[in-house]
Amino acid sequence: MKTKKAFKLIRKNTFISCIPLISANRNELLADVEVGVANGCDFLEWRRDHFMPGELLTAAEEQELLNEIKTRMPDQGLIYTYRSHLEGGICETPDEIRAAAMIAAIKSNRVDYVDVELNSEPAFRERIIEALKASETRWLVSHHNFEKTPAEEEISAVFRVMEEAGGDVLKLAVMPQTMDDVRHLIQATLTYNEKSRKPMIAIAMGSLGSITRIAPDLCGGSLTFAAGVGKTAPGQLSLEEIIDLRKRMALI
């Protein structure tokens with residue numbers, strides 16, 4: 001019998017913190033979960049691409065690990081991310097391996113959100129969406145640009161395509177080169193946020209975009225990714241740093 005759980009939601013315009021887990025093996029993973037929980041975050045993200053990179057676990061092994069993770073998470077939600085190498089994944093892994101792992105995670109009934117990139121191959125994406133239909137797990141649809149920040153019109157178009165694709169949470173991460181880039185991202189996100197009911201995550205990576213990590217709820221977004229044992233993107237701050245800065249800004 002499947003374990004029933006109360007699924008945790010990413011709520012619109014609400015500050016939510018998430019610490020990624022980039023552990024390479026089981027012992028590291030479970031230790032990092034306990035550290036993340038002790039830090040008081042709202043969500044943990046299992047970056048599955050960092051775990052035994054490129055190796056396929058059986059569905060039972062995948063689900064056993066997810067159960068072990070969840071027993072150490074009394075209140076936190078769990079995001080499952082098996083990132084494509086095309087959008088920052090640690091190595092090139094065949095879609096067949098990634099899909100099998102994601103579907104096992106969805107069927108485990110232990111995952112609140114599964115992250116699937118907007119630009120995934122259509123057949124791959126459809127397999128994941130089909131598995132999600134029979135589950136309470138939700139789709140965090142993501143897109144990453146590690147080179148630049150698109151124009152405001154392009155940013156709005158990406159959000160629109162994400163929503164039309166059926167994503168439950170819309171995540172966009174871009175690389176700013178100037179403060180104007182950061183302003184363009186924030187402006188486009190705030191504008192689209194007014195039109196959509198969906199929670200949004202909008203990140204300007206690197207030190208220039210720190211405000212989008214410290215105060216995402218003022219920039220049209222919700223969830224912020226904080227550095228745990230390691231960083232998964234340039235510009236990540238520790239949760240302690242983010243909370244301290246939010247207090248200084250009178251956001252808490």
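Look up: the structure comes first, before these words.
Keep in mind that this is a model prediction, so the values were computed, not measured.

Caption draft 1: Just the nonpolar core, in detail. Counting 58 residues, the largest nonpolar core has Leu44, Trp46, Ile69, Tyr80, Ile128 and Phe159 as its most contacted members. A total of seven residues in this core trace back to one element, the largest contributor, which is helix H3 (residues 95–107). Look past the residues within four positions of leucine 44 in its chain and what remains in contact with it is Cys18, Ile19, Leu21, Val33, Gly36, Val37, Met73, Gly77, Leu78 and Ile79.

Caption draft 2: Summary view of the pattern of salt bridges. The tally for this structure, following the rule as stated, stands at 14 salt bridges. Between arginine 83 and glutamate 117 there is a salt bridge, and its shortest N-O distance comes to 3.0 Å. Of the two residues, arginine 83 sits in the loop between strand E3 (77–81) and H3 while glutamate 117 sits in strand E4 (residues 113–117), which places them 34 residues apart along the sequence. Looking at arginine 83, the relative accessible area reads 3%, which means it is buried. Glutamate 117 gets classed as buried once you look at its relative accessible area, which sits at 1%. Here arginine 127 and glutamate 96 are joined by a salt bridge, their closest N and O atoms 3.2 Å apart. Here the residue arginine 127 occupies a position in helix H4 (residues 122–133), and glutamate 96 occupies one in helix H3, the gap between them amounting to 31 residues. A relative accessible area of 52% means that glutamate 96 is categorised as exposed. Through salt bridges with shared partners, a single ionic network connects Arg83, Asp95, Arg98, Asp115 and Glu117.

Caption draft 3: View of the sheet that holds strand E5 (residues 138–145). Here eight strands make up an open sheet; going across it, the order is E7-E6-E5-E4-E3-E2-E1-E8 and the pairing parallel. Both edges of this open sheet fall to strand E7 (200–204) and strand E8 (223–225), since each of them pairs with a single strand only. Each neighbouring strand pair of the sheet contributes to a mean axis angle of 25°, computed without reference to strand direction. Here helix H2 (residues 59–71) sits on the sheet and contacts strand E2 (43–47) and E3; the angle it forms with E3, its principal contact strand, is near 145°.

Caption draft 4: Structural detail: unusual backbone geometry. Not every positive phi belongs to a glycine, and asparagine 13 is a case in point at roughly 55°. By the secondary structure assignment, asparagine 13 is in the segment before strand E1 (16–21). Residue asparagine 13 is classed as partly exposed on the basis of its relative accessible area, which comes to 38%.

Caption draft 5: Broad picture of the packing of helix H1 (residues 26–38) against H2. Packing of H1 against H2 leaves a shortest axis separation of 9 Å and a crossing angle of 30°. Taken together, the axes of H1 and H2 are roughly parallel relative to one another. In this structure, the crossing between H1 and H2 has a hand that is right-handed. Counted together, Arg26, Leu29, Leu30 and Val33 of H1 and Leu65, Glu68 and Ile69 of H2 form the full contact between these two elements.

Conventions and cut-offs
Residues numbered from 1 in each chain as written. Predicted model: local features only at pLDDT ≥ 70, side-chain atom pairs only at ≥ 80, totals over all residues. Heavy atoms only, no water. Core = buried A, V, L, I, M, F, W, Y, C linked by side-chain atoms within 4.5 Å. Buried < 20%, exposed > 50% of the residue type's maximum accessible area, 1.4 Å probe, protein only. Helix = DSSP H or I, 4+ residues; strand = E, 2+ residues; numbered from the N terminus. Contact = heavy atoms within 4.5 Å. Salt bridge = Lys/Arg side-chain N within 4 Å of Asp/Glu carboxyl O. Pairing = 2+ DSSP bridges. Axes fitted to C-alpha atoms, helices over the stretch in contact; angles between N-to-C directions. Parallel < 35°, antiparallel > 145°, perpendicular 65-115°, else oblique. Left-handed = near helix turned anticlockwise from the far one by under 90°.

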